[in-house]
Amino acid sequence: MSGLAEDLHHAVATVLSAHGFGLVSRMVFVVELVEEGTGELGVLRGSIPASLPVWDELGLHRYAVADIEAVITAARTAGEEGE
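For the structure given in this document, a descriptive report is provided here. (Residues numbered from 1 in each chain as written. Predicted model: local features only at pLDDT ≥ 70, side-chain atom pairs only at ≥ 80, totals over all residues. Heavy atoms only, no water.)

## Observations concerning the pattern of salt bridges
Part 1 of the argument: One pass over the structure, following the stated rule, counts one salt bridge.
Part 2 of the argument: Of the charged contacts, one joins Arg45 and Glu57 as a salt bridge, the two residues approaching to 2.6 Å between their closest N and O atoms. Taken together, the residues span a long stretch of sequence, with Arg45 in strand S2 (residues 41–48) and Glu57 in helix H2 (residues 54–77) at a distance of 12 residues.
Part 3 of the argument: Exposure remark for Arg45: the relative accessible area of 45% places this residue in the partly exposed category.
Part 4 of the argument: For Glu57, a relative accessible area of 7% gives the class buried. (Salt bridge = Lys/Arg side-chain N within 4 Å of Asp/Glu carboxyl O. Helix = DSSP H or I, 4+ residues; strand = E, 2+ residues; numbered from the N terminus. Buried < 20%, exposed > 50% of the residue type's maximum accessible area, 1.4 Å probe, protein only.)

Put into C-alpha cells, the structure is as follows:
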C-alpha cells in the first residue's frame, strides 16, 4: 500500500499546491470502491506517512468528522438547508 499511498500523497499535494494551499504534512484517506463486475462496495483507507501510528490516523479522522459536524450544526442553526 505504501506505493499507492505515496502516489496519492503526491497527487493531492500537487493539486493543493496549485490552489494555493500549504504543504501536506500528514494525510488520511478513505475511499469507497465499487467492484466493477459485481457492484460490491468496499473501503480503502490509509495514511501518509505510512509509519503514522494508528492512533494518530484515528485522531485525524475524528478531527475531520468534528469539522464536518460543526459545519452542519452551524448551517442548521442559521436555518439553512444542508445537502
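## Overview of the pairing of S2
Part 1 of the argument: Here strand S1 (residues 27–34) pairs with S2 via eight bridges, running antiparallel. Across the sheet, Phe29 pairs through a bridge with Gly46, a residue of S2. (Pairing = 2+ DSSP bridges.)

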